[in-house]
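# A look at the structure
As a plain string of letters, each chain reads:
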Protein chains: 2
Amino acid sequence: MAGWRAIGVIGGMGPAATADFLARLVIAAGATRDSDHPRVFVDSNPQVPDRNAARLGQGPSPGPALATMARGLVAQGAEVLAMPCNAAHGWADDIRAAVPGLFVDMIAAAVAETLVLRPSRVGIIAVGATLDARLYHDRLAATGVEALDCDRAVVQPLVTRIKAGDTGGEVRAAMVAEAARLAGDGVEVIIAACTEVPLVLRAGDSPVPLVDATAALVRAVIAAARRPAA
Amino acid sequence: MAGWRAIGVIGGMGPAATADFLARLVIAAGATRDSDHPRVFVDSNPQVPDRNAARLGQGPSPGPALATMARGLVAQGAEVLAMPCNAAHGWADDIRAAVPGLFVDMIAAAVAETLVLRPSRVGIIAVGATLDARLYHDRLAATGVEALDCDRAVVQPLVTRIKAGDTGGEVRAAMVAEAARLAGDGVEVIIAACTEVPLVLRAGDSPVPLVDATAALVRAVIAAARRPAA
């Protein structure tokens, strides 16, 4: 397949974030003609059980649906899997159990890019399910880095509005203000740890270095999918 | 599946056009939360044999690969199929034969939107395979509308640059100039009949009404995928 392993995208959480991920993957491939691109299979499934409700014990686990999607993508031909949704990584073990050895972990990719910056305190802009599952906290704490939560009462309503298609000036300004507040609390790096966040918050808008988890996943997937030259 | 049939996208021709199509599909769904979106399966396959080479008799037919992709998407669960590539519609019959009754035709969708404008002469901005197969010409001629070709010596190199990721000012200006030239030749409507074209040519840039075949396909697919209320 011309230098690439086929990529499978466990998507739809939300659909706009998946489309954003695919567009970035195309650019990151750095190809100059169609045939130099990787093959990409996408399953954009907006019916995956709600991650926040599941984390609160108010709904079914998304794990079985994610495992089924992973198996379906592999059956199609995917050789490397990615899931552009931070919160859903709370159930990444269900994917790893279903299709061992193929999953590129978004949290690991974003933490690796964060640690390069050698911070001692990092702000996490994420939804409740990501914060409550300590997806970033535990990985950062293991290297002695403190993680500071965003104000979820601010961020969750913004993410809901972005999912409804509102990426306008008011939403952007509120997200920038939240980044500024975290910087005021002493964080040296902010992780955009929800795939809807980079749709309204770019690096230039943050007073401290911003690690975009979606961008980190794109880079990690491209690296994993590229076959070494013979 | 919450009011929607699952959509399958026969993509990768080119990959950026497929990502653009998916992003537009998400917006057009008009959903306000994840679970109100349709499920979308994408097979972005940049290894489909080259359409221009096949049309010129210099390469294998893309038909068998497109039929295999269509069957794979239907096996995944797709109930409505779309292919965001005009030129590949020269082999749409291979898809219809493989999975009867599911394919939403992009050329038919764009021609229907064109005829609403009641033109007598229409400009077609497309690559050679689309022009040579008379995909638009024959449908328009059947309703008494004359189709005027773009200058393929201008458009093909622009499409090649767009596929290589160049959507900069020079490419945009050259595409706008080609639209102006067609308008100067008396066309009353222009069809952006290559999925790379709307990546650099928007309606406001054309001196006459522009029918964007990608947008027409998005609307047709959304209409076909929406289940009537019970």
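Please read all numbers here as calculations on a predicted model, not as lab measurements.

All names here are of chain A. Each domain of chain A was delimited in the assignment, giving domain 1 (7-105 + 216-225) and domain 2 (107-213). Its C-alpha centre places domain 1 at a distance of 20 Å from the equivalent point of domain 2. Facing 21 residues of domain 1, the contacting portion of domain 2 comprises 25 residues. Between domain 1 and domain 2 lies a buried interface of about 1700 Å² when both sides are counted; carbon and sulfur atoms form 49% of it. The interface formed by domain 1 and domain 2 includes three salt bridges.

Attention shifts here to unusual backbone geometry. Residue A:Gly14 is reached from A:Met13 by a cis peptide bond, and omega for that bond is -5 degrees. With respect to the element layout, A:Gly14 can be found in the loop between strand S1 (7-11) and helix H1 (15-28). If you check the backbone angles, A:Arg118 has positive phi at about 50 degrees while not being a glycine. Tracing the backbone through its elements, the reader meets A:Arg118 in the loop between helix H5 (106-115) and strand S4 (121-125). Look at A:Arg118 and you get exposed, because its relative accessible area is 76%. Not every positive phi belongs to a glycine, and B:Arg134 is a case in point at roughly 55 degrees.

Next up on the list: the relation of the copies chain B and chain A. Mapping chain B onto chain A calls for a screw motion: a turn of 180 degrees about the axis and a shift of 0.0 Å along it, with 0.0 Å RMSD after fitting. This pairing of chains is accounted for by a two-fold axis. Closest to the rotation axis within chain B is the C-alpha of B:Val42, separated from it by 2.4 Å. An overlap of 100% is found between the interface residues of chain B and their copies at the interface of chain A, pointing to a shared contact surface.

Over the atoms rolls a probe the size of a water molecule, and its path tells where empty space is left. Roughly 1000 Å³ of internal volume is contained in the largest pocket. In terms of lining residues, the largest pocket is bounded by 44 residues, among which A:Ala19, A:Asp20, A:Ala23, B:Ala19 and B:Ala23 are the most central. At the level of secondary structure, the elements contributing two or more residues to the lining of the largest pocket comprise H1 and helix H8 (152-163) of chain A together with helix H1 (15-28) and helix H8 (152-163) of chain B. Taken together, the residues of the lining of the largest pocket sort by class into 20 nonpolar, 10 polar and 14 charged.

Residues and elements named next belong to chain A. Ordered in space as S5-S4-S6-S7, the four strands form an open sheet in which the pairing is parallel. Looking along the sheet, the strands with just one partner apiece sit at the ends: strand S5 (146-149) and strand S7 (210-212). Neighbour-to-neighbour, the strand axes of this sheet turn through a mean angle of 30 degrees, independent of strand direction. Here strand S6 (residues 189-192) runs beside S7; their pairing, made up of three bridges, is parallel.

Remark: the centre distance and the inter-plane angle together describe each pair of aromatic rings, the angle taken between the planes. Enumeration over the complete set of coordinates arrives at zero aromatic pairs over all chains. Across from the ring centre of A:Trp91, 4.7 Å away, lies the NZ or CZ of A:Arg55, which sits over that ring.

A sheet is described by the order of its strands in space; here six strands give the open sequence S3(A)-S1(A)-S2(A)-S2(B)-S1(B)-S3(B), paired in mixed fashion. Either end of the sheet is taken by a strand with one partner, and the two such strands are strand S3 (80-82) of chain A together with strand S3 (80-82) of chain B. Averaged over neighbouring strand pairs, the angle between their axes works out to 15 degrees when direction is ignored. Where S1(A) meets S3(A), three bridges bridge the pair, whose relative direction is parallel.

About the criteria used
- Residues numbered from 1 in each chain as written.
- Chains lettered and ligands numbered in written order.
- Predicted model: local features only at pLDDT ≥ 70, side-chain atom pairs only at ≥ 80, totals over all residues.
- Heavy atoms only, no water.
- Domains from an automatic or database assignment.
- Contact = heavy atoms within 4.5 Å.
- Buried area = accessible area lost by both parts, 1.4 Å probe.
- Salt bridge = Lys/Arg side-chain N within 4 Å of Asp/Glu carboxyl O.
- Helix = DSSP H or I, 4+ residues; strand = E, 2+ residues; numbered from the N terminus.
- Buried < 20%, exposed > 50% of the residue type's maximum accessible area, 1.4 Å probe, protein only.
- Least-squares fit on C-alpha atoms with pLDDT ≥ 70 in both.
- 1 Å grid on protein atoms, 1.4 Å probe; cavity = no way out; pocket = protein on both sides within 12 Å on 5 of 7 lines; lining within 4 Å.
- Points joined across faces, edges and corners; volume = space filled by probe spheres on them.
- Nonpolar A, V, L, I, M, F, W, Y, C, P; charged D, E, K, R; others polar.
- Pairing = 2+ DSSP bridges.
- Axes fitted to C-alpha atoms, helices over the stretch in contact; angles between N-to-C directions.
- Phe/Tyr/Trp six-rings, centres within 6.5 Å; stacked < 30°, edge-to-face > 60°.
- Lys NZ or Arg CZ within 6 Å of the ring centre and 35° of its normal.

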